[in-house]
Amino acid sequence: MLGKLTRWLRILGYDVKYSNRMDDHELIALSTKEKRILLTRDLQLHRQATAKGIESLYLEEKTTEQNLAQLAKRYSLDLQVDMRKSRCPICNVRVKPISKKQASSHVELNTLANYDEFWKCPKCGKTYWQGAHWKGIGKTLKKAEEFEASLQ
Ligand SMILES: [Zn+2]
């Protein structure tokens, strides 16, 4: 359920693991072992984790923007993308800047003509650039910031 939020947090540079296959017991064990904050929409799981001393955040809001706002408020997250910290939304590993020349074999010619900065995921090999979708990313983060400001 939180797959979309996971991708956003990785783009923002946070190390996030996601699973919809683990049961409550496994999620709690992983959070303990790797000292992770547990994010969940499951109130019972949240209560169980908290009782065991695990830092957990129950996300009751529906939209990704609202969830980001909730997280930003609680953990003072910076809702700005810094590509030096960004992680591949698929693999959760930090993307590395590559030269235009290196990108040339992976992207279309018109992309190459229009953009100068490219990044690559060392794990899956996907190439990233701040293309047309980038405006949408900024919009979502701005909305999240507005939600954050409205939270008590
Ligand atoms: Zn990747």
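The model shown is predicted, which means the values in this text are computed figures rather than measured ones.

**Q** How do you make sense of the overall build of the chain when you look at a structure like this?
**A** Scanning the chain from terminus to terminus reveals seven helices and five strands. Its helices and strands in sequence order give the chain the pattern α-α-β-α-β-α-β-α-α-β-β-α, from N to C terminus. When its C-alpha atoms are laid out on the principal axes, the chain stretches across 55 × 35 × 20 Å. In the chain, which comprises 152 residues, the proportion classed as buried is 39%. Looking at the chain alone, contacts between residues at least 24 apart form 47% of all its contacts between residues at least 6 apart.

**Q** Explain the pattern of salt bridges here, please?
**A** Pairs can form between side chains of opposite charge whenever their charged atoms are close. Tallied over the full model, the rule gives eight salt bridges. Salt-bridge contacts for Lys17 lead to Glu34; the nearest nitrogen and oxygen are separated by 3.0 Å. Placement of Lys17 in the loop between α1 (3–11) and α2 (24–33) and of Glu34 in the loop between α2 and β1 (38–40) is noted, with a sequence separation of 17 residues between them. Accessibility expressed as a relative area gives 28% for Glu34, which makes it partly exposed. Taking the shortest distance from any N to any O, the salt bridge between Asp82 and Arg84 comes out at 3.1 Å. Judged by relative accessible area, Asp82 falls into the buried class, the value being 19%. Look at Arg84 and you get exposed, because its relative accessible area is 68%. Taken together, the salt bridges that share partners define one network made up of Asp15, Lys17, Glu34 and Arg36.

**Q** What should I look at first to understand the layout of surface pockets in this one?
**A** In this approach the atoms are scanned with a rolling probe the size of a water molecule, which exposes any empty space left behind. The calculated volume of the largest pocket comes to roughly 810 Å³. Where the lining of the largest pocket is concerned, the elements lending two or more residues are α1, α2, β1 and α4 (64–75). Tallied by class, the residues present in the lining of the largest pocket amount to 17 nonpolar, five polar and eight charged. In this structure, the second largest pocket occupies an estimated 290 Å³ of space. Taken together, 16 residues form the lining of the second largest pocket, with Ile11, Pro89, Tyr128, His133 and Ile137 sitting closest to its centre.

**Q** Before we go on, may I ask you to explain the coordination of the zinc ion in this structure?
**A** Think of it this way: four donors in a tetrahedron around the metal ideally sit 109.5 degrees apart, and six in an octahedron ideally sit 90 or 180 degrees apart. The coordination sphere of the zinc ion contains the protein donors Cys88 (SG), Cys91 (SG), Cys121 (SG) and Cys124 (SG), at a distance range of 2.3 Å. Each of the four donor atoms bound to the zinc ion contributes to angles spanning 106 to 112°, and the resulting shape is tetrahedral. Read in sequence order, the donor residues coordinating the zinc ion give the pattern C-x2-C-x29-C-x2-C. Of the two residues, Cys91 sits in the loop between α4 and β3 (96–98) while Cys121 sits in the loop between β4 (118–120) and β5 (127–128), which places them 30 residues apart along the sequence.

**Q** Would you mind going over unusual backbone geometry with me for this structure?
**A** Excluding glycine, a negative phi dihedral is what most residues carry, and trans is how most peptide bonds are arranged. A positive phi is found at Lys35, a non-glycine position, where the angle reads about 50°. Residue placement: Lys35 occurs in the loop between α2 and β1. Notably, Asn92 is not glycine yet its phi reads approximately 70°, a positive angle. The topology assignment puts Asn92 in the loop between α4 and β3. Looking at Asn92, the relative accessible area reads 10%, which means it is buried.

**Q** Which parts of the structure should I look at to understand α4?
**A** Helical periodicity: at 3.6 residues per turn, an α-helix aligns residues three or four positions apart in one direction. The end-to-end C-alpha distance of α4, which contains 12 residues, comes to 16 Å, matching closely the 16 Å that a straight helix rising 1.5 Å per residue would cover. Most of α4 is tucked away: nine of the 12 residues are buried. Those residues of α4 that sit buried are Thr64, Glu65, Gln66, Asn67, Leu68, Ala69, Gln70, Leu71 and Ala72. Where α4 is buried, its residues contact α1, β1, β2 (56–58) and α7 (134–150). Among the residues trailing α4, Ser76 stands out with phi positive, at a value near 50°.

Cut-offs applied
- Residues numbered from 1 in each chain as written.
- Predicted model: local features only at pLDDT ≥ 70, side-chain atom pairs only at ≥ 80, totals over all residues.
- Heavy atoms only, no water.
- Helix = DSSP H or I, 4+ residues; strand = E, 2+ residues; numbered from the N terminus.
- Buried < 20%, exposed > 50% of the residue type's maximum accessible area, 1.4 Å probe, protein only.
- Contact = heavy atoms within 4.5 Å.
- Salt bridge = Lys/Arg side-chain N within 4 Å of Asp/Glu carboxyl O.
- 1 Å grid on protein atoms, 1.4 Å probe; cavity = no way out; pocket = protein on both sides within 12 Å on 5 of 7 lines; lining within 4 Å.
- Points joined across faces, edges and corners; volume = space filled by probe spheres on them.
- Nonpolar A, V, L, I, M, F, W, Y, C, P; charged D, E, K, R; others polar.
- Donors = N, O, S within 2.8 Å, 3.2 Å for Na, K, Ca; no water.
- Tetrahedral: all angles 85-135°; square planar, octahedral: opposite > 155°, others 65-115°.
- Expected span 1.5 Å × (residues − 1).

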